[in-house]
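# Architecture and fold: a report
Okay, here's what each chain looks like letter by letter:
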Amino acid sequence: MRTFARKLLLPLAIGLSLGATVQAKEPPHGPMHKMFDELQLSEQQRQDIRTLFKQSREDRRVFREDGQILHEQKQALIEAPSWDEQAALALLSEAQAERRTAMWARAQMDQAVWNLLTEEQREVWADMQEERFERPDRAPFSGRWLKKLGLSDEQQVALAELQAQAKASREQNHSLRQAFDGQELALIEKASLTEAAWQSLYEQYQPQFQTAALQRLKQRYDFYHLLTAEQQAKLEQFKQRREAHKDKSKPRPHKPD
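Let us look at the structure shown here. Just so it is clear, the model here is predicted, and its values are computed rather than measured. (Residues numbered from 1 in each chain as written. Predicted model: local features only at pLDDT ≥ 70, side-chain atom pairs only at ≥ 80, totals over all residues. Heavy atoms only, no water.)

### Considerations on the nonpolar core
Here is the rule we go by: Residues belong to one nonpolar core when they are buried, are Ala, Val, Leu, Ile, Met, Phe, Trp, Tyr or Cys, and are joined through side-chain atoms within 4.5 Å. Type-normalised accessible area, obtained with a 1.4 Å probe on protein chains alone, sets the label of each residue: buried when under 20%, exposed when over 50%, and partly exposed for intermediate values. Secondary structure elements follow DSSP: runs of H or I no shorter than four residues count as helices, runs of E no shorter than two count as strands, and numbering proceeds from the N terminus. The contact rule is simple, with two residues in contact once any of their heavy atoms fall within 4.5 Å.
The biggest cluster of nonpolar side chains holds 28 residues, and the ones touching the most others in it are F180 and W198. Contributing elements (two or more residues each) for this core: α3 (31–39), α4 (43–79), α5 (85–116), α6 (119–133), α8 (153–189) and α9 (195–224). If one sorts the elements of this core by residue count, α5 sits on top with 8 residues. With residues near it in sequence (within four places) discarded, F180 still touches M103, W198, L201, Y202, Y205 and F209. Listed in part, the 23 residues of the second largest apolar core include F141, L214, Y224 and L227.

### Some thoughts on unusual backbone geometry
Positive phi is not limited to glycine here, since Q40 has a value of about 50 degrees. Despite not being glycine, A191 shows a phi value in the positive range, around 55 degrees. Mapped onto the elements of the fold, A191 is located in the loop between α8 and α9.

### Considering the packing of aromatic side chains
Rules: Stacked, tilted and edge-to-face are the three classes assigned to paired rings of Phe, Tyr and Trp, where Trp is represented by its six-membered ring and a pair needs centres within 6.5 Å; plane angles under 30 degrees give stacked, over 60 edge-to-face, the rest tilted. A ring has a charge above it when a Lys NZ or an Arg CZ is no more than 6 Å from the ring centre and no more than 35 degrees off the ring normal.
Scanning the model with the defined rule gives 12 aromatic pairs in all. Residues Y202 and F209 carry aromatic rings whose centres are separated by 5.7 Å and whose planes lie at 45 degrees to one another, so their mutual orientation is tilted. Feature note: the residues W104, F180, W198, Y202, Y205 and F209 constitute an aromatic cluster, connected by ring pairs. Positioned over the ring face of F209 is R99, at 4.8 Å from the centre of the ring. Seen from the ring of W83, K218 lies directly overhead, with NZ or CZ sitting 5.9 Å from the centre.

### A short note on empty space enclosed by the protein
Our working definition: Residues are called lining when one of their atoms sits within 4 Å of a cavity or pocket point, these points coming from a 1 Å grid over the protein atoms alone, where a cavity is a set in which a 1.4 Å probe fits but cannot get out and a pocket is an open set with protein on both sides within 12 Å along at least five of seven lines. Grid points are joined across faces, edges and corners, and a volume is the space filled by probe spheres set on the points. Note on residue categories: nonpolar means Ala, Val, Leu, Ile, Met, Phe, Trp, Tyr, Cys or Pro, charged means Asp, Glu, Lys or Arg, and polar means any other residue, Gly included.
In this structure the tally under the stated criterion is 2 cavities of 30 Å³ or more. One number sums up the size of the second largest cavity: a volume of about 30 Å³. Contributing to the lining of the second largest cavity are S169, R170, N173, A212, Q215 and R216. Elements supplying a minimum of two residues to the lining of the second largest cavity: α8 and α9. Classifying every residue of the lining of the second largest cavity gives 1 nonpolar, 3 polar and 2 charged.

### What to know about α8
For the record, the criterion: One less than the residue count of a helix, multiplied by 1.5 Å, gives the span that helix is expected to have.
Counted at 1.5 Å a residue, the expected span for α8 with its 37 residues is 54 Å, and the 53 Å between its end C-alpha atoms agrees. The positive-phi residue at the C-terminal boundary of α8 is A191, with phi of around 55 degrees.

Function cannot be read off these values alone, since they describe shape.
As structure tokens, then:
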């Protein structure tokens, strides 16, 4: 586990003292701007939270770099001729360690924001978090790209069964995350969020997180091998175009005036 995530609160605390000089500009209608409006933050609170988010973005960049390697390894398992559950479990254990670190860093961020708010703002913020918990996942194995693969009737039948399985798994996983996030929020509200308390909470859910991750990976494997070689090549082209579009959509670094 990365040590910087365990020590995240120290740079966050230092960053708050520099809030007047270190700022991260948010888009006029972006998620941060919406949060500022709903919480009716003071200018000092806005500066402090911008500083927190700036630190968080830098941490997430490191997690994304590690996640890209894991993503490529998962893709190799998906494209393998046969399903190797032991290899999948070994890879997911590594991924879970990275995920645990990222989730703990996010929990510390939420606590740091909570500590900046007034009692009235905390009530609004808690409602916003609960709305986040209730946000539904998108339908599995769906989208306009799917129609372009030209699935046969037989493939359509097999896909429908796989979609039903994936939907049930996602709903179960959503309920699991809802329960975990609710208990995590309770720790923050009671000022009881220590690393030991959070790790204890995570350990209660870790086996279920692992099972859910294995189910998702196996379902992706089953979907990939439902396709013909030609359809698999088309799917790869769709992915490459999507990644290229994401790269073009990334905001350029802000240049100081």
